[in-house]
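Coordinate analysis (summary)
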Amino acid sequence: MLVSQPRLGAVSFLGTHSNKIDAKGRVQMPAGFRRALEGDQFQGFFCYPNLDAKRLDCGGSDFVEGLKASIAMLDPYDPDLEALEIAVLGEIQTIPTDQDGRFIMPKTLREYLDAESHVRFIGCGDTFQIWSDEGGRMAKEDHAERAKSALRRLRNPGSDQPPPNPPITLRPRSPLT
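Residues numbered from 1 in each chain as written. Predicted model: local features only at pLDDT ≥ 70, side-chain atom pairs only at ≥ 80, totals over all residues. Heavy atoms only, no water.

1. A look at the overall build of the protein chain
The line we're drawing: Where helices and strands are cited, they refer to DSSP runs of H or I of at least four residues and of E of at least two residues respectively, numbered from the N terminus. Relative accessibility under 20% of the residue-type maximum defines a buried residue, over 50% an exposed one, and the middle range a partly exposed one, all with a 1.4 Å probe and only protein chains included. When checking whether two residues touch, look at their non-hydrogen atoms; a contact exists if any pair is within 4.5 Å.
Scanning the protein chain for helices and strands turns up 5 helices and 8 strands. The order of α-helices and β-strands along the protein chain, N terminus first, is β-β-α-β-β-α-α-β-β-α-β-β-α. Across the 177 residues that make up the protein chain, the buried fraction comes to 34%. At a minimum sequence separation of 6, the contacts of the protein chain that also span at least 24 residues come to 59%.

2. Here we look at unusual backbone geometry
Despite not being glycine, D114 shows a phi value in the positive range, around 60°. Relative to the helices and strands, D114 resides in the loop between α4 (107-113) and β7 (118-123). Residue classification places D114 among the exposed residues on the basis of a relative accessible area of 54%.

3. A word on the nonpolar core
Across soluble globular proteins, you tend to see nonpolar side chains buried next to one another. Using the following cut-off: What we call a nonpolar core is a set of buried Ala, Val, Leu, Ile, Met, Phe, Trp, Tyr and Cys residues that are connected through their side-chain atoms within 4.5 Å.
Core analysis: the biggest nonpolar cluster contains 21 residues, and F45, F103, M105, V119, F128 and I130 have the highest contact counts within it. Going through the elements one at a time, α1 (31-37), β3 (44-49), β4 (55-59), α4, β7 and β8 (128-132) are the ones with two or more residues in this core. Ranked by residue count, the leading element in this core is α1, at 3 residues. Residues F46, Y48, V64 and L67 belong to the second largest nonpolar core, which totals 7 residues.

4. Quick look at the side chain of N50
Condition: Under this definition, polar contacts are N or O atom pairs within 3.5 Å; protein pairs additionally need one hydrogen-donor-capable and one acceptor-capable atom, and for neighbouring residues in sequence, both atoms have to be side-chain atoms.
Topologically, N50 is positioned in the loop between β3 and β4. Residue classification places N50 among the buried residues on the basis of a relative accessible area of 8%. A distance of 2.8 Å separates the side chain of N50 from the backbone nitrogen of A53, its partner in a polar contact. At 2.7 Å, the side chain of N50 and the side chain of D57 are in polar contact.

5. A short note on the environment of P49
Among the structural elements, P49 can be located in strand β3. Among the residues examined, P49 registers a relative accessible area of 16% and is labelled buried. Each C-alpha atom of the pair P49 and L113 lies 8.7 Å from the other, and the pair is 64 residues apart in sequence.

6. Details of the pattern of salt bridges
Heads up, the condition is: Salt bridges are defined by distance alone: a side-chain nitrogen of Lys or Arg within 4 Å of a carboxyl oxygen of Asp or Glu.
The tally for this structure, following the rule as stated, stands at 10 salt bridges. With its nearest N and O atoms 3.9 Å apart, the salt bridge here joins E111 to K107. Of this pair, E111 and K107 both sit in helix α4, 4 residues apart, which is roughly one turn of the helix. Among the residues examined, E111 registers a relative accessible area of 48% and is labelled partly exposed. The exposed category is assigned to K107, whose relative accessible area is 54%.

7. Considering the sheet that holds strand β5 (residues 93-96)
Our working rule: Any two strands are treated as partners once DSSP identifies two or more bridges connecting them. What counts as an axis is a line fitted to C-alpha atoms, over the stretch in contact for a helix, and the angles between N-to-C directions run from 0 to 180 degrees.
One open sheet accounts for 6 strands, arranged β1-β7-β8-β4-β3-β5; its pairing is antiparallel. Since the sheet does not close on itself, it has two edges, and those belong to β1 (16-20) and β5, each with one partner. In this sheet, neighbouring strand axes are inclined to one another by 30° on average, regardless of whether the strands run parallel or antiparallel. Pairing of β3 with β5, which is carried by 4 bridges, proceeds in the antiparallel orientation. Its bridge partner being in β5, F46 is matched across the sheet by T94. In this fold helix α2 (residues 61-72) packs onto β3 and β4, with an angle of close to 40° to the strand it touches most, β3. Against the sheet, helix α5 (residues 133-153) makes contact with β1, β7 and β8, and its axis sits at roughly 120° relative to β8, the strand it touches most.

8. What to know about the environment of G59
Relative to the helices and strands, G59 resides in strand β4. Separated by 15 residues in the primary sequence, G59 and G44 have C-alpha atoms spaced 9.0 Å apart. Among all residues touching G59, those that are not within four sequence positions of it are L37, F45, F46 and F128.

Next comes the structure, spelled out in structure tokens:
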């Protein structure tokens, strides 16, 4: 996934949330994610289907600007430029939210995710992902062992030395609800 520009301030997309899709295709955005989007020029978010996994990569206006800037860095005659413009920028959807943070998940995106009754939001700091509930649960399980190993390699920002102890102690996983 391409990385967006760092979000301004201390508000990020954090945590994992499973939310219901109602009969009209509406979904409630997690409150923390709504706060992370406050101040954005668009009331809602942007998303596109990930090219490697059955998920949506999402974020605010800064997410789209970061994608555009990263793609624009390619040579204008590089065939990857047009491929990314079509497969990424051409697939971005604007998803407006109402005052309560609800949005309508288009049927095409629900079908892409194989999401029938719930979707799972996974915060990634400056961006977030939307999965089917089961797909998100499986992705977290699949990434847990690699994350455990990667956590041991983290360094304190501004330091060449590893931290004396891992900054976070992982607890045994409990089933997600």
